[in-house]
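Read off the chains here:
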Amino acid sequence: MSDKKAALLEKEGAWVPVVLLPPQPVIDQLKREGKDVPSRRIRALIDTGAESTSISQKELDAIGLISRNVRNMIASSGEKRVSPAFDITLELEYGGKDDFVVFPFEVAALDLDEIGVYALIGRDVLRHFKLTYNGPEGAYKLEFIGSR
């Protein structure tokens, strides 16, 4: 057991690598046209308190996505707000490099860039996983158990 690892996990939280891609129909169209598919690889913070997954507006803009909807959100402070919503393809790595799952998803735009958070993985995605959080060991494990 490492107090240093436990303290780091407590301070930093549980992060997973994700790849952001356009929705599958856009990917298919770009491939038919022989064009590159824009993507962004970022770290996402696992947030068991978040009802839904949110992604940085800057990251969504970087792959050229356009909002198609809005979502009513309630911040942890209780403040109500409306956020733009985007259709994306989310590739989430949950084990090793070869352990990933791909979700077509609607996500809300997030504005936490100033504190270094570019994505929050909420319970809408986490419902497909088993999350084991071992505080004393300073470790966590994410296992895919659901269907998409």
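Undergrad: Go over the pattern of salt bridges with me, naming the residues and quoting the values.
TA: With the rule as written, the count across this model stands at 5 salt bridges. Of the charged contacts in the structure, one is a salt bridge between R41 and E93, with a shortest N-O distance of 3.2 Å. One end of the pair, R41, is in strand 2 (residues 40–46); the other, E93, is in strand 5 (residues 80–93), and 52 residues separate them in sequence. For E93, a relative accessible area of 15% gives the class buried. Of the charged contacts in the structure, one is a salt bridge between R68 and D87, with a shortest N-O distance of 2.5 Å. Residue R68 is located in the loop between helix 3 (57–62) and strand 4 (69–74), and its partner D87 is located in strand 5; the two are separated by 19 residues in the primary sequence. What makes R68 partly exposed here is its relative accessible area of 47%. Several salt bridges share partner residues, and in doing so they unite R68, D87 and E106 into one network.

Undergrad: Before we move on, could you go through the nonpolar core and cite the residues and values that matter?
TA: Among the nonpolar cores identified, the biggest contains 26 residues, and V18, I88, L92 and I121 are the most heavily contacted of them. Elements supplying a minimum of two residues to this core: strand 1 (15–21), strand 2, strand 5, strand 6 (100–110), strand 7 (119–121) and helix 4 (123–126). Sorting elements by how many residues they give to this core places strand 6 first, with 5 residues. For I121, the residues in contact, after removing those within four places along its chain, are V16, V18, A44, L45, I46, D47, T53, L90, L92 and L126. Counting residues in hydrophobic clusters, the runner-up holds 5 residues, among them W15, L45, V117 and L120.

Undergrad: Kindly report on the packing of aromatic side chains, identifying the contributing residues and their values.
TA: A full pass over the atoms with the stated rule returns 5 aromatic pairs. Both rings, one in F103 and one in F129, keep their centres 6.3 Å apart while their planes meet at 55°; by these two values the pair is tilted. With F103 in strand 6 and F129 in strand 8 (residues 129–134), this residue pair connects regions lying 26 residues apart in the sequence. Taken as a pair, F103 and F129 share a single burial class, namely buried.

Reading guide: rules and limits
Residues numbered from 1 in each chain as written. Predicted model: local features only at pLDDT ≥ 70, side-chain atom pairs only at ≥ 80, totals over all residues. Heavy atoms only, no water. Salt bridge = Lys/Arg side-chain N within 4 Å of Asp/Glu carboxyl O. Helix = DSSP H or I, 4+ residues; strand = E, 2+ residues; numbered from the N terminus. Buried < 20%, exposed > 50% of the residue type's maximum accessible area, 1.4 Å probe, protein only. Core = buried A, V, L, I, M, F, W, Y, C linked by side-chain atoms within 4.5 Å. Contact = heavy atoms within 4.5 Å. Phe/Tyr/Trp six-rings, centres within 6.5 Å; stacked < 30°, edge-to-face > 60°.

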